[in-house]
Amino acid sequence: MQNRFRKSRIGAGSRPAVDPTSRGHAREARTVFLVGFMGAGKTTVGRALSRRLALPFEDLDDRIQQREGKSIEQIFRESGEAEFRKAEAVALRGLLGELSSSARVVALGGGAFVQPANATLIKKAQVHSVFLDAPVEELLRRCAAEATARPLRQSAEQFRELYEKRWRSYMKATLRIDTNGKDVDTVAAEVACSLGLE
């Protein structure tokens, strides 16, 4: 994903208030999980949001790769998606166990929040989950411009079908933010303001 989506103004009506004091302990209440499909900007926005909130940033895929000693692409190729999902769940549980001592901004892989057990763990942790979304054609365009290999990105038709299949699960997040036509800093500001974190 590129550094900028494109500049766009945010309407006042797009900022539903969320009271962070109502969501568990103080550290967990400041933790934000970014979810969404390939190309949504979870990592790029996550880094910008972490700077804005002065919190550490973590990409769950990086934790998986460090733990397994392999790239995500290697895990998929050598062990298959089912084994990757097991490693992903273990990494997520480990990360959630650390939140009581360290709030952070976390980017999840595109399929992580779609797994019911993972979504349940995140909900029980009483952290914010934010669905970064954009029209599927825009997501496809962003992914096509990347050099990064994505194991589940195949044909444009398969890409659209997978997005549609996952969309309903993403909508279970605390908040949905449309990233289309917005630059990274604008999206980060919208997330922070919508969640009442600044």
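In this text, all values refer to a predicted model and were calculated from it rather than measured experimentally.

## So, helix H2 (residues 42-53)
It helps to recall that an α-helix has 3.6 residues per turn; residues three or four apart then point in one direction.
Right, so step 1: Taking 1.5 Å of rise per residue, 12 residues should cover 16 Å, and H2 covers 16 Å from first to last C-alpha, within 8% of that figure.
Right, so step 2: Looking only at H2, the buried set comprises Lys42, Thr44, Val45, Gly46, Ala48, Leu49, Ser50 and Leu53.

## Digging into the sheet that holds strand E4 (residues 128-133)
As a general point, the strands of a sheet are linked pairwise by backbone hydrogen bonds and lie either parallel or antiparallel.
Right, so step 1: Read from one edge of the open sheet, five strands run E2-E3-E1-E4-E5, paired in parallel fashion. The open sheet has two free edges, formed respectively by strand E2 (57-59) and strand E5 (175-178), since each of these has just one partner strand. With direction set aside, neighbouring strand axes in the sheet form an average angle of 25°.
Right, so step 2: Relative to strand E3 (residues 105-107), strand E1 (residues 32-35) runs parallel, the two sharing three bridges.

## With respect to the environment of Glu78
Right, so step 1: Residue placement: Glu78 occurs in helix H4 (residues 72-79).
Right, so step 2: A distance of 3.0 Å separates the side chain of Glu78 from the side chain of Lys70, its partner in a polar contact.

## A word on unusual backbone geometry
Right, so step 1: Phi is positive for Ala54, close to 55°, though the residue is something other than glycine.
Right, so step 2: Mapping Ala54 onto the fold places it in the loop between H2 and E2.
Right, so step 3: You can call Ala54 exposed: its relative accessible area is 69%.
Right, so step 4: With a phi close to 60°, Gln126 is a non-glycine residue in the positive phi region.

## Structural notes on the nonpolar core
Right, so step 1: One finds Phe33, Leu108, Val130, Leu132 and Val191 to be the most contacted residues of the largest nonpolar core, which totals 56 residues.
Right, so step 2: No other element matches helix H5 (residues 81-98), which puts six residues into this core.
Right, so step 3: Excluding residues that lie within four positions of it along the chain, Leu132 makes contacts with Leu34, Val35, Gly36, Ala40, Gly41, Lys42, Val45, Ile177, Thr179, Val187 and Val191.

## Focus: the environment of Leu195
Right, so step 1: Turning to its location among the elements, Leu195 is positioned in the segment after helix H9 (184-194).
Right, so step 2: Taking the relative accessible area as the measure of exposure, Leu195 reaches 0% and is therefore buried.
Right, so step 3: Each C-alpha atom of the pair Leu195 and Val32 lies 9.2 Å from the other, and the pair is 163 residues apart in sequence.

## What to know about the pattern of salt bridges
Right, so step 1: As enumerated under the stated definition, the model contains 15 salt bridges in all.
Right, so step 2: A salt bridge links Arg104 to Glu58; the nearest nitrogen and oxygen atoms lie 3.0 Å apart. Separated by 46 residues along the polypeptide, Arg104 in the loop between H5 and E3 and Glu58 in strand E2 bring together distant segments of the chain. Take Arg104 and Glu58: they sit in the same class, and that class is buried.
Right, so step 3: With its nearest N and O atoms 3.0 Å apart, the salt bridge here joins Glu81 to Arg85. Separated by four residues within a single helix, Glu81 and Arg85 lie in helix H5, roughly one turn from each other.
Right, so step 4: On the accessibility criterion, Glu81 (33% relative accessible area) is partly exposed.
Right, so step 5: Given the relative accessible area of 12%, Arg85 is considered buried.
Right, so step 6: Through salt bridges with shared partners, a single network forms among Glu58, Arg63, Glu98 and Arg104.

## Description of the confidence of the model for the protein
Right, so step 1: Residues at a pLDDT of 70 or more form 82% of the protein, whose mean pLDDT is 86.
Right, so step 2: Below pLDDT 50 for its whole length, residues 6-24 participates in 35 contacts with residues either more than four positions away or in separate chains.

## What about helix H3 (residues 60-68)?
Right, so step 1: Residues of H3 that are buried include every one of Leu60, Arg63 and Ile64, and no others. Axial view of H3: buried residues confined to an arc of 100°, hence all on one face.
Right, so step 2: In this structure, the buried residues of H3 make contact with E2, H4, H5 and E3.
Right, so step 3: Positive phi shows up at Gly69, right after H3, with a value of about 70°.

Cut-off values and rules
- Residue indices begin from 1 for each chain and proceed along its sequence in written order.
- A pLDDT threshold of at least 70 governs which residues receive local features in this predicted model, and a stricter bar of 80 or more applies before side-chain atom pairs are shown or counted, although totals over entire chains, interfaces and linings include all residues.
- Each side-chain value is derived from all of the structure's non-hydrogen atoms; neither hydrogens nor water enter the calculation.
- Only DSSP runs of H or I with at least four residues qualify as helices, and only runs of E with at least two residues qualify as strands; both kinds are numbered from the N terminus onward.
- Helices are assigned an expected span. That span is 1.5 Å times one less than the residue count.
- Under the scheme applied here, a residue whose accessible area is under 20% of the maximum for its type counts as buried, over 50% as exposed, and between as partly exposed, the area being computed with a 1.4 Å probe on protein chains only.
- What makes two strands pair is DSSP finding at least two bridges between them.
- To get an axis, a line is fitted to the C-alpha atoms, and for a helix only the part in contact is used. The angle between two axes follows their N-to-C directions and goes from 0 to 180 degrees.
- Whenever a nitrogen or oxygen atom comes within 3.5 Å of another N or O atom, the pair is scored as a polar contact, on the condition that within protein one atom can donate a hydrogen and the other can accept it, and that pairs from neighbouring residues in sequence are kept only if both atoms are in side chains.
- The set of buried Ala, Val, Leu, Ile, Met, Phe, Trp, Tyr and Cys residues whose side-chain atoms join them within 4.5 Å is what this entry labels a nonpolar core.
- Contact between two residues is taken to exist if any of their heavy atoms lie within 4.5 Å; hydrogens are not considered.
- Salt bridge, as applied in this entry: a Lys or Arg side-chain nitrogen positioned within 4 Å of an Asp or Glu carboxyl oxygen.
- Every residue gets a pLDDT, meaning the predictor's confidence in that residue, from 0 to 100.
- Read the arc as the range of directions from the helix axis to the C-beta atoms.

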